[in-house]
Amino acid sequence: MFGTTPGKWLLEKRLQEAHYLLEKGRKATDIYLDLGFEDLSHFSFAFKKQYGLPPSRLFL
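Structure report, in brief. (Residues numbered from 1 in each chain as written. Predicted model: local features only at pLDDT ≥ 70, side-chain atom pairs only at ≥ 80, totals over all residues. Heavy atoms only, no water.)

1. Examining helix α3 (residues 40–51)
Given 3.6 residues to a turn, an α-helix orients residues that are three or four positions apart in the same direction.
Moving on, step 1. With 12 residues, α3 extends 16 Å from end C-alpha to end C-alpha; this agrees with the ideal 16 Å at 1.5 Å per step.
Moving on, step 2. Of the surrounding secondary structure, the elements contacted by the buried residues of α3 are α1 (6–23) and α2 (28–31).
Moving on, step 3. Of the residues that open α3, the one with a side-chain oxygen 3.2 Å from the backbone nitrogen of S41 is D39.
Moving on, step 4. Trailing α3 by a residue or two, G52 shows a phi angle of about 85 degrees, which is positive. (Helix = DSSP H or I, 4+ residues; strand = E, 2+ residues; numbered from the N terminus. Expected span 1.5 Å × (residues − 1). Contact = heavy atoms within 4.5 Å. Polar contact = N/O pair within 3.5 Å; in protein donor to acceptor, adjacent residues only side chain to side chain.)

Structure, rendered in structure tokens:
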């Protein structure tokens, strides 16, 4: 129905929410647990893979 696996769909939605929260001024260290990532390294890796930049460099 969505053209992807449930795991990839969920990861994409979590990363979209992370992007939105980072735009609003929240820090990666404050949101990664709330969005269900195991640790900051896992979050940063997935975010960079999706958007091409690590979350710390998104709005510099």
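2. Things to note about the packing of aromatic side chains
Moving on, step 1. Considering all chains together, one arrives at 3 aromatic pairs under this definition.
Moving on, step 2. Put simply, the rings of F37, F43, F47 and Y51 touch in pairs and so form one group of aromatic residues.
Moving on, step 3. The cationic tip of R14 hangs over the ring face of F37; the distance from NZ or CZ to the ring centre is 4.2 Å. (Phe/Tyr/Trp six-rings, centres within 6.5 Å; stacked < 30°, edge-to-face > 60°. Lys NZ or Arg CZ within 6 Å of the ring centre and 35° of its normal.)

3. Here's the deal with the nonpolar core
One recurring pattern in soluble globular proteins is that nonpolar side chains are buried together.
Moving on, step 1. The biggest cluster of nonpolar side chains holds 13 residues, and the ones touching the most others in it are I31, F37, F43 and F47.
Moving on, step 2. When residues of this core are traced back to their parent elements, those giving at least two are α1, α2 and α3.
Moving on, step 3. If one sorts the elements of this core by residue count, α1 sits on top with 4 residues.
Moving on, step 4. Leaving out residues up to four positions away in the same chain, F43 has contacts with L15, A18, A28, I31, Y32, F37 and P55. (Core = buried A, V, L, I, M, F, W, Y, C linked by side-chain atoms within 4.5 Å. Buried < 20%, exposed > 50% of the residue type's maximum accessible area, 1.4 Å probe, protein only.)

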